[in-house]
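Residues per chain are reported as follows:
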Amino acid sequence: MRTLLGVLVAALALSLLPATASAGGHGLAREWDRVDVGSDESLRGLAAVDRRTAWVSGSNGGVWKTTNSGRTWTDVRPPDTAGLLFRDVEAWDAKRAQVLAIGEGEASRIYRTVDGGRTWTETFRSAEPTAFYDCMAFFPGGKHGLAMSDPVDGKFRIIETHDFGRSWQIVPNDGMPAAVAGEFAFAASGTCLVTAGSRDAWLASGGGASRIFHSRDRGHTWTVVNAPIPATPAGGVFSLAFRNPRKGVAVGGDFEAPDNGVDASGWTRDGMGWHGGGDLSGYRSGVSWVYEARSTLVAVGPTGTDVTRDGGRTWTALNDTGFHAVQCVPRACWASGAAGAVGLLD
């Protein structure tokens, strides 16, 4: 199998050929290898540890793990979680992982395992009926982490952990700017909240406003700017990815117009000011930096996969295989999607 970088370079080179040119032997190189989990659950939670180990989480309480590049998957779901929407999973290795269930009130929960999913501990359950948690993210090492809810009392709510997710506390909202009426976050791929470095965090919104919030103190105070991706009732910024605290990319669009990728990306080079990026080939719900390439990213959505090699300024369609989430690690990218779909580029 070709290397990941070779796959992307070949796809970009192919995109420059005349429309009548033959794809020759490049057709397979542009496709994901399918390593599905064998379930009909929609997989929006994805945590890629390395090219062999990954975790995915699903729409009916499911959590799966592989340690052999997807050749086999083990169902390691927490007990008594049928019906829960696990939209985010974060993992550090084959033993330690945490999953976030989304929904109103007590449907929003976090579970933690340190033994590969043999046992789980429920570490958080929302006591606020109007809260709706969307995403979580951890800082390097996993001791400090954040999770976010759609606005409660007019502001996005943040909870934090300082003990590797054993316990969570609500962060006072004094440092959070007010939300716009109808503004919320998209629990589409677990990447509406991300971190980079030891203190910086970002969260993204849509609906009543399309904005990007930035914290430099682990989620206690935030600034906010308008995103270059338009706001619509079903659209805005769905996913963020940062290579470091300055260099970031945003993707999104409108999930009710999945084929429309116009103005659906943005980029920053200082972590604060955002610029419109190249058009995508459709609405995209997940984006990730390719580990080996300084300016290459992969974005996924229900209508296919796009790639950029200039940090988000221009994008090229890679294929039409749809996924919800993507995460790249050294020598591989993983993606997860509808009906138990998992893909691997390595």
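Everything discussed here concerns the structure shown above.
Attention here is on the structure that accompanies the text. (Residues numbered from 1 in each chain as written. Predicted model: local features only at pLDDT ≥ 70, side-chain atom pairs only at ≥ 80, totals over all residues. Heavy atoms only, no water.)

1. Quick notes on the overall build of the protein
Scanning the protein for helices and strands turns up 1 helix and 30 strands. Whereas a compact globule of 346 residues would reach a radius of gyration of roughly 20 Å, the protein reaches 19 Å, a difference of no more than 12%. When each of the 346 residues of the protein is scored for burial, the buried share is 58%. If you take every contact in the protein between residues at least 6 apart in sequence, the share linking residues at least 24 apart comes to 50%. Here the protein has roughly 13,400 Å² of accessible surface; of this, 51% comes from carbon and sulfur atoms. The protein carries 33 positive and 36 negative side-chain charges, and their two centres are separated by 8 Å. (Helix = DSSP H or I, 4+ residues; strand = E, 2+ residues; numbered from the N terminus. Rg over C-alpha atoms; globule rule 2.2 N^0.38 Å. Buried < 20%, exposed > 50% of the residue type's maximum accessible area, 1.4 Å probe, protein only. Contact = heavy atoms within 4.5 Å. Areas by Shrake-Rupley, 256 points an atom, 1.4 Å probe, with all protein chains shown as cover. Lys, Arg positive; Asp, Glu negative; His and termini not counted. Charge placed at Lys NZ, Arg CZ, Asp CG, Glu CD.)

2. Quick notes on the state of the cysteines
In the structure shown here, the tally under the stated rule is 2 disulfides. In this model, Cys328 is linked to Cys333 through a disulfide, with the two sulfur atoms separated by 1.9 Å. On the sign convention where negative is left-handed, the bridge of Cys328 and Cys333, at about 90° about the S-S bond, is right-handed. Classification of Cys328 by relative accessible area gives buried; the value is 9%. On the basis of relative accessibility, which here comes to 0%, the residue Cys333 falls in the buried class. Each disulfide of the protein joins two cysteines, and with those cysteines numbered along the sequence the arrangement is 1-2, 3-4. (Disulfide = S-S within 2.5 Å.)

3. Let's talk about the packing of aromatic side chains
For the structure shown, the criterion picks out 15 aromatic pairs. Ring centres of Phe186 and Phe238 lie 3.7 Å apart, and the angle between their planes is 15°; this geometry places the pair in the stacked category. Residue Phe186 is found in the loop between strand E14 (183-184) and strand E15 (193-196), and its partner Phe238 is found in strand E20 (residues 235-242); the two are separated by 52 residues along the sequence. By relative accessible area, Phe186 is classed as buried at 5%. Taking relative accessible area as the criterion, Phe238 reaches 2% and is therefore assigned buried. With a centroid separation of 6.5 Å and an interplanar angle of 85°, the aromatic rings of Phe186 and Phe255 are classed as edge-to-face. With a gap of 69 residues between them, Phe186 in the loop between E14 and E15 and Phe255 in the loop between strand E21 (248-254) and strand E22 (265-268) connect regions that are remote in the sequence. Residue classification places Phe255 among the partly exposed residues on the basis of a relative accessible area of 44%. Above the ring of Phe139, the side-chain terminus of Arg218 is found at 5.9 Å from the ring centroid. (Phe/Tyr/Trp six-rings, centres within 6.5 Å; stacked < 30°, edge-to-face > 60°. Lys NZ or Arg CZ within 6 Å of the ring centre and 35° of its normal.)

4. Observations regarding the pairing of E22
Neither face of E22 is left uncovered, since the one carrying Ser265 and Trp267 and the one carrying Gly266 and Thr268 both have all their residues buried. As defined by bridge partners, E21 adjoins E22 across 4 bridges and the pair is classed as antiparallel. In the sheet register, Val251 faces E22, and the bridge partner there is Ser265. Counting the residues between successive antiparallel strands, the hairpin from E22 to strand E23 (residues 275-276) contains 6 residues, one of them, Gly271, with a positive phi of roughly 80°. (Pairing = 2+ DSSP bridges.)

In short, the description is geometric, and any link to function would need to be established separately.
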